[in-house]
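Each chain is listed here by its residues.
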Amino acid sequence: MLRAGIVGLPNVGKSTLFNALVENAKAEAANFPFCTKNPNIGIVSVPDERLNVLAKISATKQIVPAQVEFVDIAGLIKGASKGEGMGNAFLSNIREVDAIVHMVRCFDNDDIIHVDGSVDPVRDIEIINLELALADLGQVEKRIERTKKLARTSKEAQAELVILEKLVVELNTGKSVRQLGLTAEESETIAFLQLLTAKPIIFAANVSEDDLATGNEYVEKVRKVAAQENAQVSIVSAQVESELIDLPSEERADFLASLGVEEGGLKSLIRATYTLLGLRTYFTTGEKETRAWTIKAGMSAPQAAGVIHSDFERCFIRAETVAYEDLVSNGSMNAAKGKGLVRSEGKEYIVKEGDVMVFLTSA
């Protein structure tokens, strides 16, 4: 299961959002810096209405959604790359995640302390970006020292050195690794370094309930920064999400409607994070169970089968496959077959988002 780390300055609402994400998580949320000393981890279901539609078609007894792991990471301050605050813990924890959800405070509230004394999302983003870049710069410079020695006799080391020296130049200008347009081969060469600024990122603009429907000036500033980094922005309200948890399910829709929205932003953030991680969904459905299976983009049919069980990949023969839309529009697998919409796909087939599949194996 791939992991997304929730990062940000202290007191921007990370733990409150995390509690809302996992509902029953025990993450501590308090009004003082560094209340999250150790990372909290929660497994979150990915909202997907397609599951309910398929379950109705198949008269399914159980629905199993796709899942993503979220990690609530300690807050960061200036100097984190030098160990200030919880910096060392923050940096080591973020290296272990696959993508970053950067939570940015976009609301005014005198009762909630801001670690730098005022609300300024651009400054807050720059603080974290700088600390991550400095941490990467230090790591790359250390790697260069070692690689220079190896490059005397190794062509692989020589090629790596070229990339490392390129990174040093760009990191010194304040750019992140993900902004450099590295080739797939270059990215693979330095993947072992787990560079912080190479990780894909989404900005979660945390607003008050009054701004959830429309956003505000702070959100627009975040969007401008995100555009420069080719990143997405999701508007969320940790306040609203924490209140939704305490409401009966039948009252939640009315509460959201009173705020002018259909959802609090949390579901869209989960979906956006799932996509950011490069994940795709295919389905299996039947009377016993309808399940969303998670694969990486570009996986073949045998690899997708292997997500269910390794024997399925090893013994793969073919996959009966139908697009979700074709199955739904025809009302059943048999009806879709009757119109020639169910395909027999072999080992070279690349699974598409929303495929509904039945695997045939030799086992």
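Above this text sits the structure in question.
A quick note: this is a predicted structure, and the numbers were derived from the prediction, not measured.

1. Focus on the packing of aromatic side chains
One pass over the full model with this rule turns up three aromatic pairs. For the pair Y282 and F359, a centre-to-centre distance of 5.8 Å together with 90° between the ring planes defines the contact as edge-to-face. Remark: F359 occurs in strand 12 (residues 355–361) and Y282 occurs in strand 8 (residues 279–285); sequence separation between them is 77 residues. Directly above the ring of Y324 sits R50, whose terminal nitrogen or CZ lies 5.9 Å from the centroid. Note that R291 overlies the ring of W293, its terminal NZ or CZ placed 4.6 Å from the centroid.

2. Describing the side chain of T60
Inspection of the secondary structure puts T60 in the loop between helix 2 (49–58) and strand 3 (63–64). Its relative accessible area of 16% is what places T60 among the buried residues. Within the structure, the side chain of T60 is placed 2.8 Å from the backbone oxygen of G286, a separation counted as a polar contact. Here the side chain of T60 touches T290 through a polar contact of 2.6 Å, side chain to side chain.

3. Concerning the nonpolar core
Counting residues in hydrophobic clusters, the biggest one holds 73 residues, and the most contacted among them are L21, F70, I94, V101, M103, C106 and F203. Top contributing element to this core by residue count: helix 10 (residues 266–276), with six residues. The contacts of V101, once residues within four sequence positions are left out, are A4, G5, I6, V7, F70, I202, A204, L269 and T273. If you look at the next biggest cluster of nonpolar residues, it comprises 18 residues, including V140, V177, L182 and L193.

4. Looking at the sheet that holds strand 2 (residues 40–45)
On the basis of which strands lie adjacent, the open sheet formed by six strands has the order 2-4-1-5-6-7 and mixed pairing. For this open sheet the edge positions go to strand 2 and strand 7 (232–236), each flanked by a neighbour on one side alone. Averaged over all adjacent pairs, the angle separating strand axes in this sheet is 25°, with direction ignored. As judged from the six bridges shared by strand 5 (residues 99–105) and strand 6 (residues 201–206), these two strands associate in the parallel manner. What sits directly across from V101, in strand 6, is I202. Strands strand 1 (3–7), strand 2, strand 4 (67–72) and strand 5 of the sheet are contacted by helix 1 (residues 14–22), whose axis makes an angle of about 40° with strand 2.

5. Points about the pattern of salt bridges
On inspection of all chains with the given rule, the structure shows 16 salt bridges. The shortest N-O distance in the salt bridge between E229 and R178 comes to 2.7 Å. Residue E229 is located in the loop between helix 7 (217–228) and strand 7, and its partner R178 is located in the loop between helix 5 (155–172) and helix 6 (184–190); the two are separated by 51 residues in the primary sequence. Of the residues examined, E229 reaches a relative accessible area of 10% and is grouped as buried. Take R178: its relative accessible area is 23%, and that puts it in the partly exposed class. The salt bridge involving E320 is made with K337; its shortest N-O contact spans 3.5 Å. Of this pair, E320 sits in strand 10 (residues 316–323) while K337 is found in helix 14 (residues 333–338), placing the two residues 17 residues apart along the sequence. Assessed through its relative accessible area of 23%, E320 is described here as partly exposed.

Each value, and the rule that gives it
- Residues numbered from 1 in each chain as written.
- Predicted model: local features only at pLDDT ≥ 70, side-chain atom pairs only at ≥ 80, totals over all residues.
- Heavy atoms only, no water.
- Phe/Tyr/Trp six-rings, centres within 6.5 Å; stacked < 30°, edge-to-face > 60°.
- Helix = DSSP H or I, 4+ residues; strand = E, 2+ residues; numbered from the N terminus.
- Lys NZ or Arg CZ within 6 Å of the ring centre and 35° of its normal.
- Buried < 20%, exposed > 50% of the residue type's maximum accessible area, 1.4 Å probe, protein only.
- Polar contact = N/O pair within 3.5 Å; in protein donor to acceptor, adjacent residues only side chain to side chain.
- Core = buried A, V, L, I, M, F, W, Y, C linked by side-chain atoms within 4.5 Å.
- Contact = heavy atoms within 4.5 Å.
- Pairing = 2+ DSSP bridges.
- Axes fitted to C-alpha atoms, helices over the stretch in contact; angles between N-to-C directions.
- Salt bridge = Lys/Arg side-chain N within 4 Å of Asp/Glu carboxyl O.

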